[in-house]
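Working through the structure, step by step
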Amino acid sequence: ENAYAKIPVTPVGLKAIKAAKAEGLNVLATAIYSADQAFLAAMNGADYLAPYVNRMCNYGGGMQDVCDLVDMLAMQNSKTKVLGASFKNTDQVHALIAAGMQAVTLPVDVAYNMIGHPGVKIAVDEFTANWQKAYGRTTLRA
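Residues numbered from 1 in each chain as written. Predicted model: local features only at pLDDT ≥ 70, side-chain atom pairs only at ≥ 80, totals over all residues. Heavy atoms only, no water.

The next thing to look at is unusual backbone geometry. Peptide bonds are trans in most cases, and residues, glycine excluded, mostly fall at negative phi. In this structure, Asn 77 takes a positive phi of about 55° despite not being glycine. One can find Asn 77 in the loop between helix 4 (62–75) and strand 4 (81–84). Residue class for Asn 77 comes out exposed when judged on its relative accessible area of 67%. At Ser 86, a position not held by glycine, the phi torsion is positive, near 60°. Turning to its location among the elements, Ser 86 is positioned in the loop between strand 4 and helix 5 (90–98). (Helix = DSSP H or I, 4+ residues; strand = E, 2+ residues; numbered from the N terminus. Buried < 20%, exposed > 50% of the residue type's maximum accessible area, 1.4 Å probe, protein only.)

Let's shift gears to the sheet that holds strand 2 (residues 26–32). On the basis of which strands lie adjacent, the open sheet formed by 5 strands has the order 1-2-3-4-5 and parallel pairing. The open sheet has two free edges, formed respectively by strand 1 (4–8) and strand 5 (103–104), since each of these has just one partner strand. When strand 4 meets strand 5, the two strands line up parallel, connected through 2 bridges. From the neighbouring strand, Leu 83 faces strand 5, where its bridge partner is Ala 103. (Pairing = 2+ DSSP bridges.)

At a minimum axis distance of 10 Å, the contact between helix 4 and helix 5 shows a crossing angle of 20°. Judged by the inter-axis angle, helix 4 sits roughly parallel to helix 5. The two elements helix 4 and helix 5 meet at a crossing, and its hand is right-handed. Residue-level inspection shows Met 63, Val 66 and Cys 67 of helix 4 in contact with helix 5, the latter providing Gln 92, Ala 95 and Leu 96. When its residues are assigned to classes, the contact of helix 4 with helix 5 shows 5 nonpolar, 1 polar and no charged. (Axes fitted to C-alpha atoms, helices over the stretch in contact; angles between N-to-C directions. Parallel < 35°, antiparallel > 145°, perpendicular 65-115°, else oblique. Left-handed = near helix turned anticlockwise from the far one by under 90°. Contact = heavy atoms within 4.5 Å. Nonpolar A, V, L, I, M, F, W, Y, C, P; charged D, E, K, R; others polar.)

Tallying each qualifying case throughout the model produces 2 salt bridges. With a shortest N-O distance of 2.9 Å, Lys 21 and Asp 47 are connected by a salt bridge. Taken as a pair, Lys 21 in helix 1 (residues 11–22) and Asp 47 in the loop between helix 2 (35–43) and strand 3 (48–51) lie far apart in primary sequence, 26 residues in all. Where Lys 121 meets Asp 125, a salt bridge forms, and the shortest distance between an N and an O atom there is 2.8 Å. With a gap of 4 residues between them, Lys 121 and Asp 125 both fall in helix 7 (residues 118–135), about one helical turn apart. Owing to a relative accessible area of 55%, Lys 121 belongs among the exposed residues under this scheme. (Salt bridge = Lys/Arg side-chain N within 4 Å of Asp/Glu carboxyl O.)

Purely spatial values, then, with no claim about function.
In C-alpha cells, the structure reads:
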C-alpha cells in the first residue's frame, strides 16, 4: 500500500496512469513541467503529482504554475496531492508549502538549510550546559 508506480506524464503515460489505477495500483505522476500537464495526470487518477519545480522555473513561471496547480486541484475537490521535486533552495520549498503543496522530495543541502538555523545550535548548547550543571553529565544515563 506504500508503493507507487512512478509514471512520466506523456500521452502514453496518461494511458498508463489510468490503467494502473484501474488495476488498483498507487501512482506518482512524474516528469511534470506545467500545471496543465499535472492536472491531466490528476484527472486520469494519479495519487501524487511531482512537478519539477526548479526545472520549471528555468523555463519561466515555475513557482506560479505549481501554485496554480494547487488551486486547480482544490477547485475540483481532487484528492490528488502535489509532491514537489527538483528544488534549488529553501525559498522555493517554503513558498509552495505555504501555497498548499502537501509533500516534498528534497536535495540534502536544501533539507539541511531548512533545519540548520544558527539559533538551534545555540539553544542545544544552552540546554546541554543546563543539563550538565543540574546533573553533572550530558547524557540521560550516568
